[in-house]
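Understanding the architecture of this molecule
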Amino acid sequence: HDEFSADVEKIYRILRKFHTRAPKLELALKESGVVVRSGLTERVLNRCGDAGNLGYSFFVWASKQPGYRHSYDVYKAMIRIMGKMRQFGAVWALIEEMRKENPQLLSPEMFVVLMRRFASAKLVKKAIEVLDEMPKYGCEPDEYVFGCLLDALCKNGSVKEAALLFDDMRMRFKPTIKHFTSLLYGWCREGKLMEAK
């Protein structure tokens, strides 16, 4: 228990009770007496867990509260939740909103979260596209980001695609021990020992 616990539970109960009735939800949240503040929104999103639609409802409501702005951690949590729900169009819309309203909060880590979600959904081309889209948002991919992409592909059974990408990008991203380790892990996991060797 901490300063947020009681408010988080109160909000979570309201979200569960009224999530299908938007006007009533807005009114219940407004009358709850809870003050939206830094740290609270992220805790509510985490409390909602896999019930991403509940988290999103609160995210949208919180963004309209006077004197409150979403933090980096809140955006990152929301991207993770929407990605888990495979709401990839909504994720891109959120990143676009960030570019317009809070460009200073965009970071390579946001895109890494998105790459991992695409990779786990077996959407390899989409995961790779994230790498190509990053510069449009003022984030230049580096060896770390590339390594995260390889790692996500290898852990989600797309090691062949990861190996091809690794070969294609050798000149753009200097190979690191992490890159090789991800590929080794992927090939060994698939029982392809010749490729691993």
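In this report, we go over the structure that sits alongside the text.

Rules used in this analysis
- Residues numbered from 1 in each chain as written.
- Predicted model: local features only at pLDDT ≥ 70, side-chain atom pairs only at ≥ 80, totals over all residues.
- Heavy atoms only, no water.
- Helix = DSSP H or I, 4+ residues; strand = E, 2+ residues; numbered from the N terminus.
- Axes fitted to C-alpha atoms, helices over the stretch in contact; angles between N-to-C directions.
- Parallel < 35°, antiparallel > 145°, perpendicular 65-115°, else oblique.
- Contact = heavy atoms within 4.5 Å.
- Nonpolar A, V, L, I, M, F, W, Y, C, P; charged D, E, K, R; others polar.
- Left-handed = near helix turned anticlockwise from the far one by under 90°.
- Disulfide = S-S within 2.5 Å.
- Buried < 20%, exposed > 50% of the residue type's maximum accessible area, 1.4 Å probe, protein only.

**Topic: the environment of Val 91**
When you line up the elements, Val 91 lands in helix H6 (residues 88-101). Here the alpha-carbon distance between Val 91 and Ala 77, two residues 14 residues apart in the chain, equals 11 Å.

**Comments concerning the packing of helix H5 (residues 72-84) against helix H7 (residues 108-120)**
Between H5 and H7, the least distance of the axes is 9 Å, while the angle of their chain directions is 10 degrees. It follows from the interaxial angle that H5 and H7 lie roughly parallel. Where H5 abuts H7, its residues Tyr 72, Tyr 75, Lys 76, Ile 79, Arg 80, Gly 83 and Lys 84 lie against Glu 109, Met 110, Val 113 and Arg 117. Split by residue class, the contact of H5 with H7 holds five nonpolar, one polar and five charged.

**Here's the deal with the packing of helix H2 (residues 22-31) against helix H4 (residues 52-63)**
Two numbers describe how H2 lies on H4: the axes approach to 11 Å, and their chain directions differ by 65 degrees. Both H2 and H4 take part in a crossing whose hand is right-handed. Along its contact with H2, which presents Leu 25, Glu 26, Leu 29 and Lys 30, the element H4 presents Ser 57, Phe 58 and Trp 61.

**With respect to the state of the cysteines**
Scanning all chains against the criterion turns up zero disulfides. Free cysteine: Cys 148, not disulfide-bonded; nearest cysteine sulfur from Cys 154 at 12 Å. Taking the relative accessible area as the measure of exposure, Cys 148 reaches 2% and is therefore buried. No disulfide involves Cys 154; its nearest neighbouring cysteine sulfur is the one of Cys 188, lying 11 Å away. Overall, the relative accessible area of 2% leaves Cys 154 in the buried class.

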